[in-house]
Amino acid sequence: MPSVEESVRQAIAGVGDAEPEVRAAVAAAAASAAIPPPTGQGVNTLWTILVSGLVAVLLVALGGIIFTIADGKETTSADILVTVFSSALTGLIGLFVRSPASG
């Protein structure tokens, strides 16, 4: 398997004197195609990092919501924290929902 640099060089040479946008798109496609997908332990590590990060965001946002409610000030608004919490929760739940395409 050729290196990423070699794949990009070959792809750019293949489009010749095309417009810069076309050359950039071809280079990006060649670079992404040359990177092998993660397997085995790599996938497990990526999932662990992703889920841990979303849970950390959830906990920080929940703590912030509780703090803003408990401080007793009427000027304090928890709207932004609720948005962060609900977005992170939706993302976390979305990781475990079966894709409609997979049946």
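Residues numbered from 1 in each chain as written. Predicted model: local features only at pLDDT ≥ 70, side-chain atom pairs only at ≥ 80, totals over all residues. Heavy atoms only, no water.

> A description of the overall build of the protein should follow, citing residues and the corresponding values.
Check the secondary structure of the protein and you find 4 helices and 0 strands. The secondary structure elements of the protein, listed N-terminal to C-terminal, are α-α-α-α. Residues classed as buried in the protein amount to 15% of the 103 residues present. Within the protein, contacts between residues at least 6 apart in sequence are counted, and of these 48% link residues at least 24 apart. Approximately 7600 Å² of the protein is accessible, and the part contributed by carbon and sulfur atoms is 69%. (Helix = DSSP H or I, 4+ residues; strand = E, 2+ residues; numbered from the N terminus. Buried < 20%, exposed > 50% of the residue type's maximum accessible area, 1.4 Å probe, protein only. Contact = heavy atoms within 4.5 Å. Areas by Shrake-Rupley, 256 points an atom, 1.4 Å probe, with all protein chains shown as cover.)

> So what about a nonpolar patch on the surface? Which residues, and what values?
Together, Trp47, Leu50 and Phe96 line one region of the surface with nonpolar side chains, adding up to about 330 Å² of accessible area. The residue Phe96 is located in the segment after α4 (79–95) in this model. The exposed category is assigned to Phe96, whose relative accessible area is 58%. (Patch = residues over 30% accessible without salt bridge, like charges linked within 9 Å, V, L, I, M, F, W, Y side chains within 5 Å. Salt bridge = Lys/Arg side-chain N within 4 Å of Asp/Glu carboxyl O.)

> So what about the packing of helix α3 (residues 41–70) against α4? Which residues, and what values?
The geometry of α3 relative to α4 is characterised by a closest axis approach of 9 Å and an angle of 150° between their N-to-C directions. Here α3 is positioned roughly antiparallel relative to α4, judged by the angle of their axes. Relative to α4, α3 is oriented so that their crossing is left-handed. Residues Trp47, Leu50, Val51, Leu54, Val55, Val57, Leu58, Ala61, Leu62, Gly64, Ile65 and Thr68 of α3 pack against Leu81, Val82, Val84, Phe85, Ala88, Leu89, Gly91, Leu92 and Leu95 of α4. Of the residues assigned to the contact of α3 with α4, the class counts are 18 nonpolar, 3 polar and no charged. (Axes fitted to C-alpha atoms, helices over the stretch in contact; angles between N-to-C directions. Parallel < 35°, antiparallel > 145°, perpendicular 65-115°, else oblique. Left-handed = near helix turned anticlockwise from the far one by under 90°. Nonpolar A, V, L, I, M, F, W, Y, C, P; charged D, E, K, R; others polar.)

> Outline the side chain of Thr68, supporting the account with residue identities and numerical values.
With respect to the secondary-structure elements, Thr68 resides in helix α3. Side-chain polar atoms of Thr68 contact the backbone oxygen of Ile65, separated by 2.9 Å. If we ignore the near neighbours within four places in the chain, the residues touching Thr68 are Thr76, Ala78 and Leu81. (Polar contact = N/O pair within 3.5 Å; in protein donor to acceptor, adjacent residues only side chain to side chain.)

> Which residues make up α3, and what values go with them?
Taking 1.5 Å of rise per residue, the 30 residues of α3 would be expected to cover 44 Å, and the 43 Å separating its terminal C-alpha atoms lies within 8% of that figure. Within α3, the full set of buried residues consists of Leu54, Leu58, Ala61, Gly64, Ile65 and Thr68. Taken together, the buried residues of α3 touch α4. (Expected span 1.5 Å × (residues − 1).)

> If you had to explain the environment of Leu95 to someone new, which residues and values would you point to?
Locating Leu95 in the fold gives a position in helix α4. Residue Leu95 is classed as partly exposed on the basis of its relative accessible area of 24%. Sequence separation of Leu95 and Leu50 is 45 residues, and the distance between their C-alpha atoms is 9.5 Å. Contact partners of Leu95, with chain neighbours within four places excluded, come to Trp47, Leu50, Val51 and Leu54.

> Got a sec to walk through the confidence of the model for the protein? Specific residues and values, please.
Averaged over all residues, the pLDDT of the protein equals 79, while 84% of them reach at least 70. Highest mean pLDDT in the protein belongs to α3 (87); lowest belongs to helix α1 (residues 4–15) (70). (pLDDT = per-residue confidence, 0-100.)

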